[in-house]
Amino acid sequence: MLAGLVTALALIPEAIAFTVVTGVDPRVGLFSSFVLAVVIAFTGGRPAMITAAAGSVALVVAPISREYGADYLIVTIALAGIIQVLLAVFGVARLMRFIPRSVMVGFVNALAILIFISQIPQLIDVPWAVYVLTAAGLGILILWPRITRAVPAPLVAIVVLTAVVVIFGIAVPNVADQGELPESFPALLIPNVPITWETLQIVAPAAFAAALVGLLESLMTAKLVDDITDTHSRKTRESWGLGVANIASAFFGGTGGCAMIGQTMINVKSAGGRTRISTFLSGVWVLVLVVILGDIVGQIPMAALVAVMILVSVMTFDWHSVTPSTLRRMPLSETVVMLVTVGITVWTHNLATGVIAGVITAMVLFARRVAHFTTVTRTADDEVARYRVDGELFFASSNDLTTQFDYASDPKRVVIDFSRSHVWDASTVATLDAIVTKYARHGVTVEFEGMNAATTAFHRRISDATG
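Residues numbered from 1 in each chain as written. Predicted model: local features only at pLDDT ≥ 70, side-chain atom pairs only at ≥ 80, totals over all residues. Heavy atoms only, no water.

Draft legend 1. Structural view of the overall build of the protein. Broken down by element type, the protein carries 19 helices and six strands. Taking 467 residues into account, the globule formula puts the C-alpha radius of gyration at 23 Å, and the protein, at 28 Å, lies well above it. Projecting the C-alpha coordinates of the protein onto the three principal axes gives extents of approximately 100 × 60 × 35 Å. In the protein, buried positions account for 54% of the 467 residues. A separation threshold of at least 6 residues defines the contact pool for the protein, and within that pool the share at least 24 residues apart is 83%. Summing over all exposed atoms, the protein offers an accessible surface of approximately 21300 Å²; the carbon and sulfur share of this is 65%. Each charge sign in the protein was given a centre, from 29 positive and 31 negative side chains, and these centres are 8 Å apart. (Helix = DSSP H or I, 4+ residues; strand = E, 2+ residues; numbered from the N terminus. Rg over C-alpha atoms; globule rule 2.2 N^0.38 Å. Buried < 20%, exposed > 50% of the residue type's maximum accessible area, 1.4 Å probe, protein only. Contact = heavy atoms within 4.5 Å. Areas by Shrake-Rupley, 256 points an atom, 1.4 Å probe, with all protein chains shown as cover. Lys, Arg positive; Asp, Glu negative; His and termini not counted. Charge placed at Lys NZ, Arg CZ, Asp CG, Glu CD.)

See below:
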């Protein structure tokens, strides 16, 4: 329960800030966070993960809201939710196993950097008291766990700093300065939008982008929480659960969202949340705090929340991955993939873009590395030349395969042994056919031997089609 409360306090200012990006009333983001957290607590596949109105989704759908209004925004978010449900049905979540560890490390480190960067505006052009309060908050966050873990340190820091500000009348930026807090509960909304092909053309691109960005961030965050808690989550359930939550959020006028990595880290690492109860109550607390206790919440100094988020960024960063000893032992390609993921993510401020760039880089470097593992060994006498191919054969490794044979000097019979290799794609089949053709021009007969059953069947099926 306390973990949910701490997380809710951290959700409120961010939810308000993200709705400003979208161009809608701040209350919309707060209601969206409430609906998303409550629904995902029942439908999601990762206990203790926090889902709420997210900046990445806000950036994608912001043009729709600004150009066409709130009604089109509702339709866009609802369609994004439907797309996420369909992606879950088609098993897209299972593709997570193709994301390498170096991309995950880059994702985590980029995330920590973005969390820290997002707090910098709260520390620029502010009264000197903000710096004192932030430092005091960090001190409480570090020292309190040594006294007791029964009450989460972030909650203690927020309560203590708020009390100090109120009692001594210190004028510093607070939560109320971030936007107007709602005074009533959310209501069901039906968008006033024509159901036409033109409407679909307007909302579909943004809906598809929002669905992909939200789903990728949620699945990556779920994988991170799996590692932290040493437990397993159901990624497919998380996918359709997120879709259902976004559909519900849309019809309450919400902006849509996905897993909130910073708040999830507060819940899991700082506050010790482990179950769906913390997720559910984070949403309930958001509504209770802003509707019933709005005046009190509005007095929370932003310095307290900044201190919490700074500590979260420090705890989130994988410091072991950048130590000199680790960098010396780690293959250069792994380090490059991590740096590309971090660099693209920080540059674009989009975790999904950074992860995609990291995966593509990992694929290219892996293909390049594996391509050099293929070797061709030749033995020959007056009657027959034998070649033994070692290694995996695919487009990268088979490109130079044709240059490994002595077409002009070999005897009239050539045997190529594939017992230590495997053919994976049509590019390799085309290469093998090219070798046979080159030998045929010299009147040489080529025999393939040692092919496993899968390679033989694949070669027979593809050979004629490659021309």
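Draft legend 2. Structural context of the pattern of salt bridges. Scanning all chains against the criterion turns up seven salt bridges. Linking D410 and R378 is a salt bridge whose minimum nitrogen-to-oxygen distance equals 2.6 Å. Placement of the pair is D410 in the loop between α17 (395–398) and β5 (413–423) and R378 in strand β3 (residues 375–380), with a sequence separation of 32 residues. Between E447 and R413 there is a salt bridge, with its nearest N and O atoms 2.8 Å apart. (Salt bridge = Lys/Arg side-chain N within 4 Å of Asp/Glu carboxyl O.)

Draft legend 3. Region of the structure containing a nonpolar patch on the surface. A surface patch of nonpolar side chains, amounting to about 430 Å² of accessible area, comprises I82, L86, V89 and F90. With respect to the secondary-structure elements, I82 resides in helix α4 (residues 70–89). (Patch = residues over 30% accessible without salt bridge, like charges linked within 9 Å, V, L, I, M, F, W, Y side chains within 5 Å.)

Draft legend 4. Up close: the environment of R378. Residue classification places R378 among the partly exposed positions, given a relative accessible area of 41%. A distance of 3.0 Å separates the side chain of R378 from the side chain of Y387, its partner in a polar contact. Engagement of the side chain of R378 in a polar contact is seen with the side chain of D410, the distance being 2.6 Å. (Polar contact = N/O pair within 3.5 Å; in protein donor to acceptor, adjacent residues only side chain to side chain.)

Draft legend 5. Highlighting the pairing of strand β6 (residues 445–449). Relative to β6, β5 runs parallel, the two sharing five bridges. Residue pairing in the sheet places R413 in a bridge with T445 of β6. Following the backbone out of β5, through helix α18 (residues 426–441) and into the adjacent parallel β6, one traces a crossover that is right-handed. (Pairing = 2+ DSSP bridges. Right-handed = clockwise from strand over helix to strand, strands pointing away.)

Draft legend 6. Region of the structure containing helix α9 (residues 235–250). The end-to-end C-alpha separation of α9 is 23 Å, in line with the 22 Å expected for 16 residues at 1.5 Å each. Residues of α9 that are buried include every one of K235, E238, S239, G241, L242, G243, A245, N246, S249 and A250, and no others. (Expected span 1.5 Å × (residues − 1).)

Draft legend 7. Region of interest: the pairing of β3. The pairing of β3 with strand β4 (residues 384–393) spans six bridges and is antiparallel. Note on β4: the bridge partner recorded for A380 is A385. Between the antiparallel neighbours β3 and β4 lie three residues.

Draft legend 8. Region of the structure containing helix α19 (residues 453–463). All of the buried residues along α19 are T455, F458, H459, I462 and S463. Along the axis of α19, the buried residues cluster in a sector spanning 115°; they form a single face. Exposed residues pointing more than 90 degrees away from the buried face of α19 are listed as A453, R460 and R461. Buried residues in α19 make contact with β5, α18 and β6. (Arc of directions from axis to C-beta.)

Draft legend 9. Seen up close, unusual backbone geometry. Residue A48 is not a glycine yet carries a positive backbone phi of 80°. Tracing the sequence through the fold places A48 in the loop between α2 (26–43) and β1 (51–53). When its relative accessible area of 1% is taken as the criterion, A48 is described as buried. For D125, which is not glycine, the phi torsion reads 55° and is therefore positive. Considering the arrangement of structural elements, one finds D125 in the loop between α5 (101–119) and α6 (128–147).

Draft legend 10. Fine view of the nonpolar core. Counting 105 residues, the largest nonpolar core has I12, I99, F107, M220 and V355 as the members making the most contacts within it. No other element matches the 13 residues that helix α8 (residues 197–229) contributes to this core. Setting aside anything within four residues of it in sequence, one finds M220 in contact with M96, I99, M104, F107 and V355. In terms of nonpolar packing, the next biggest core, distinct from the first, is built from 20 residues, V423, V429, L432 and Y439 among them. (Core = buried A, V, L, I, M, F, W, Y, C linked by side-chain atoms within 4.5 Å.)

Draft legend 11. Focus on the packing of α6 against helix α13 (residues 302–316). The geometry of α6 relative to α13 is characterised by a closest axis approach of 8 Å and an angle of 50° between their N-to-C directions. Classified by the angle between their axes, α6 and α13 sit oblique to one another. Here α6 runs over α13; the crossing is right-handed. Contacts between α6 and α13 involve V130, L133, T134, G137, L138, L141 and I142 from the former and A303, V306, A307, V308, I310 and L311 from the latter. Here the contact of α6 with α13 is built from residues that sort into eleven nonpolar, two polar and no charged. (Axes fitted to C-alpha atoms, helices over the stretch in contact; angles between N-to-C directions. Parallel < 35°, antiparallel > 145°, perpendicular 65-115°, else oblique. Left-handed = near helix turned anticlockwise from the far one by under 90°. Nonpolar A, V, L, I, M, F, W, Y, C, P; charged D, E, K, R; others polar.)

Draft legend 12. Representation of the packing of aromatic side chains in the model. Summed over the entire model, instances satisfying the criterion amount to nine aromatic pairs. Arranged with centres 5.2 Å apart and planes meeting at 90°, the rings of F394 and F395 form a pair that is edge-to-face. Counting every residue linked through ring pairs, the aromatic cluster contains Y387, F405, Y407 and Y439. We note K438 situated over the ring of Y407; from NZ or CZ to the ring centre the distance is 5.8 Å. (Phe/Tyr/Trp six-rings, centres within 6.5 Å; stacked < 30°, edge-to-face > 60°. Lys NZ or Arg CZ within 6 Å of the ring centre and 35° of its normal.)

Draft legend 13. Structural detail: the environment of A396. Within the secondary structure layout, A396 lies in helix α17. C-alpha of A396 to C-alpha of V364: the two residues are 32 residues apart in sequence and 9.6 Å apart in space. Not counting residues within four places of it along the chain, the set of residues in contact with A396 comprises A367 and A371.

Draft legend 14. Just the confidence of the model for the protein, in detail. Across the protein, the average pLDDT comes to 86, with 96% of residues at or above 70. Model confidence for the protein, summarised as mean pLDDT per element, is weakest for helix α1 (residues 2–22) at 76 and strongest for α9 at 93. (pLDDT = per-residue confidence, 0-100.)

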